Amino acid sequence: MGKYSRPYPTGHYRLYKTSNSKPDKALSVQIEYAAKSVAVRRSTGISVKEKDWNPNENKGRGGVRASYGQDYRNVNNRLSKRLDEMDAKIAEWCTKHPGQITVDIVRALLDDSPTTRDDKGIDFSDFVTTNLKNELERNKIGISVYKNGVSVMNIFGMFLKAEKLGTYAPDKIYVSEITTAIIDRYIQWRREFKHNSDDTINHALTPILKGCQLAMIQGYIPANLNAAIQQMRIVKTKSLQTDNSSKIKHLSKTQLVQMIEFYHNDTEVRRREYVEMFLFAMYACGLRLVDILTLQWSDISLTNETLNKIQVKTRNRNVIPLSEQAIEILEQWKGKHERFVFGLLPDNFNLDDSASLYTNRTNTTKCINQALAVVGKKIGLPFDLTFHVSRHTFAVHSLNNDMQLSMVSQLLGHSSTEITEKVYAHFVPAKLRDELLKVELPSL
């Protein structure tokens, strides 16, 4: 067994010496704790000559020898008592705030500050999600809004880690450490890394801004800072184009048949594989390209005919049934690659390395979309064929075949049906119209 490691730092005493210290001069006894490999020291007010100091006294925590004088037992008792009290104080703080101990916290505790932080060491993401949970329990928000908020904060942690903005942990900051600069950088990160629209980013800001409002009310952040944060939503510019249908590129049934015929006859091996990934994504309920990129054999159960995967974009787990067509494609890829189904990433790739994942996703997207653009032109599509068309194709055909909007939303992995309805709003009225025609009402 390895040596047991306490979840909190413990202290000891040392003599403060410099290169100019003389052997016969009394030296200051300091209490010392190490936090994050940084030594934090404070004077005890006791001075001892080096010859009278025993670093092995008090079970290796340091103390004075008998040569110190008749009072040496009282001095050692005082030192031992203070160290025990300080160890207990730090242990209590660490129990209440596991994994959050920092150099500043240790310094504050050694200085006996009444409050170590304005936010009392509360993690920002935990603070926001706790607020969401409280709102859910008071029926102020629904379960989908709550889950979406939790997903948002998981992504916020990814952002902190990727941008190296975490403080006491790579993906965490305290409530009082939130700033307009961090949120502004978060907005840019979602645009550049997540490729989110302004609407999506504003949606993601909602739980964060609500959390900041509550933090201001509870005195954790200044009112002027909160006021500035509340103004950070992206102002949308007005557009003359109001028909959302022009944005949704999808393959009609005829175009899809043309693409499948091209796929069977294509002699360009790599392009054929890319088309196969496109078709699999469509047959597997509209998987995003990043989820095709990171799809592992461990995510798939051919026995149960299901795919169980944490989505990269939302960090939500999505369990979907696999169609016969999807399983047929998977059977063709069995044995080709050990870990990742389509071999778009090396088997030893670290999925927690968001920077490398971003680079790989960008390069893969470019390669696949270039190949698909050629396919689109060869079969005469009136628009540029991209991988995301597979997702839209699944959604539109599902809606056109009477699948409920809530079910389409679940299969796509959207956090709420509101997102699905907004994206595919143009196709919903047509379905409503069809349903209305089924209703028999008396004529005038």
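Quick summary incoming for the structure in this document. A quick note: this is a predicted structure, and the numbers were derived from the prediction, not measured.

Okay, the packing of helix α10 (residues 269-283) against helix α13 (residues 354-378) next. Where α10 contacts α13, the two axes come as close as 9 Å, and the packing angle between them is 90°. When the axis of α10 is compared with that of α13, the two are roughly perpendicular. For the pair formed by α10 and α13, the contact residues are Arg271, Tyr274, Val275, Met277 and Phe278 on the first element and Cys367, Ile368, Ala371, Leu372, Val374, Val375 and Lys378 on the second. Classifying every residue of the contact of α10 with α13 gives 10 nonpolar, no polar and two charged.

Core analysis: the biggest nonpolar cluster contains 58 residues, and Phe280, Ile292 and Phe342 have the highest contact counts within it. Residue assignment for this core shows that the elements contributing at least two residues are α9 (253-265), α10, α11 (289-293), α12 (324-333), α13, α14 (388-400) and α15 (405-412). The element that contributes the greatest number of residues to this core is α10, accounting for eight residues. When residues no more than four places from it in sequence are discounted, the contact partners of phenylalanine 342 are Met277, Phe280, Ile292, Leu295, Ile329, Trp333 and His337. In this structure, Leu132, Phe156, Ile178 and Ala204 belong to the second largest nonpolar core, which totals 35 residues.

This next bit is on the pairing of strand β8 (residues 317-321). Because side chains alternate across β8, one face comprises the buried residues Asn318 and Ile320, and the other comprises Arg317, Val319 and Pro321, none of which is buried. Pairing of strand β7 (residues 306-310) with β8, which is carried by five bridges, proceeds in the antiparallel orientation. By the bridge assignment for β8, threonine 306 is matched with proline 321. Following β7, the chain reverses through six residues before pairing antiparallel with β8; arginine 315 in that reversal takes a positive phi of roughly 65°.

Another point: the side chain of serine 390. Relative to the helices and strands, serine 390 is located in helix α14. With relative accessibility at 0%, the residue serine 390 sits in the buried group. At a separation of 2.7 Å, a polar atom in the side chain of serine 390 contacts the main-chain carbonyl oxygen of phenylalanine 387. Apart from the residues within four sequence positions on either side, serine 390 is in contact with Phe278, Ala281, Met282 and Leu287.

Before going further, it helps to examine the pairing of β7. In β7, alternate side chains face the same way, and those of Leu307 and Lys309 are buried while those of Thr306, Asn308 and Ile310 on the opposite face are not. The pairing of strand β6 (residues 300-301) with β7 spans two bridges and is antiparallel. In the strand pairing of β7, isoleucine 300 is matched with leucine 307. Remark: four residues form the turn of the hairpin made by β6 and β7, two consecutive strands paired antiparallel; glutamate 305 in that turn has positive phi of roughly 55°.

With that settled, the discussion passes to the environment of valine 312. With respect to the helices and strands, the residue valine 312 is situated in the loop between β7 and β8. When the C-alpha atoms of valine 312 and valine 290 are compared, they prove to be 6.8 Å apart, with 22 residues separating the residues in sequence. Among all residues touching valine 312, those that are not within four sequence positions of it are Met158, Lys194, Val290, Asp291, Thr294 and Leu357.

Next up on the list: the packing of aromatic side chains. What the rule picks out here adds up to 11 aromatic pairs. With a centroid separation of 5.7 Å and an interplanar angle of 55°, the aromatic rings of phenylalanine 124 and phenylalanine 156 are classed as tilted. Here phenylalanine 124, found in helix α4 (residues 124-137), pairs with phenylalanine 156, found in helix α5 (residues 143-162); they are 32 residues apart in sequence, far enough to count as distant. Taking 5.1 Å as the distance between ring centres and 75° as the angle between the ring planes, the aromatic pair formed by phenylalanine 156 and tyrosine 186 counts as edge-to-face.

A few words now on the sheet that holds strand β3 (residues 38-49). Across the sheet, which stays open at both edges, the three strands sit in the order β1-β2-β3 with antiparallel pairing between neighbours. Two strands close off the open sheet at either side, each with one partner strand: β1 (12-15) and β3. Each adjacent strand pair in this sheet contributes to an overall mean axis angle of 30°, direction not counted. Examined bridge by bridge, strand β2 (residues 26-35) and β3 share nine bridges and lie antiparallel to one another. Its bridge partner lying in β3, glutamate 32 is registered against arginine 41. Packing against the sheet, helix α2 (residues 72-96) makes contact with β1, β2 and β3, and its axis sits at approximately 20° to β2.

Quick look at the pattern of salt bridges now. Taken as a whole and judged by the stated rule, the model has 13 salt bridges. A salt bridge links glutamate 32 to arginine 41, with the nearest nitrogen and oxygen atoms 2.4 Å apart. Looking at glutamate 32, the relative accessible area reads 11%, which means it is buried. The exposure class of arginine 41 is partly exposed, given its relative accessible area of 37%. Of the charged contacts, one joins aspartate 291 and lysine 309 as a salt bridge, the two residues approaching to 3.0 Å between their closest N and O atoms. Residue aspartate 291 is located in helix α11, and its partner lysine 309 is located in strand β7; the two are separated by 18 residues in the primary sequence. Taken individually, aspartate 291 and lysine 309 each receive the classification buried, so the pair is uniform in this respect. A single salt-bridge network, built from bridges that share partners, covers Arg14, Glu32 and Arg41.

About the cut-offs
Residues numbered from 1 in each chain as written. Predicted model: local features only at pLDDT ≥ 70, side-chain atom pairs only at ≥ 80, totals over all residues. Heavy atoms only, no water. Axes fitted to C-alpha atoms, helices over the stretch in contact; angles between N-to-C directions. Helix = DSSP H or I, 4+ residues; strand = E, 2+ residues; numbered from the N terminus. Parallel < 35°, antiparallel > 145°, perpendicular 65-115°, else oblique. Contact = heavy atoms within 4.5 Å. Nonpolar A, V, L, I, M, F, W, Y, C, P; charged D, E, K, R; others polar. Core = buried A, V, L, I, M, F, W, Y, C linked by side-chain atoms within 4.5 Å. Buried < 20%, exposed > 50% of the residue type's maximum accessible area, 1.4 Å probe, protein only. Pairing = 2+ DSSP bridges. Polar contact = N/O pair within 3.5 Å; in protein donor to acceptor, adjacent residues only side chain to side chain. Phe/Tyr/Trp six-rings, centres within 6.5 Å; stacked < 30°, edge-to-face > 60°. Salt bridge = Lys/Arg side-chain N within 4 Å of Asp/Glu carboxyl O.

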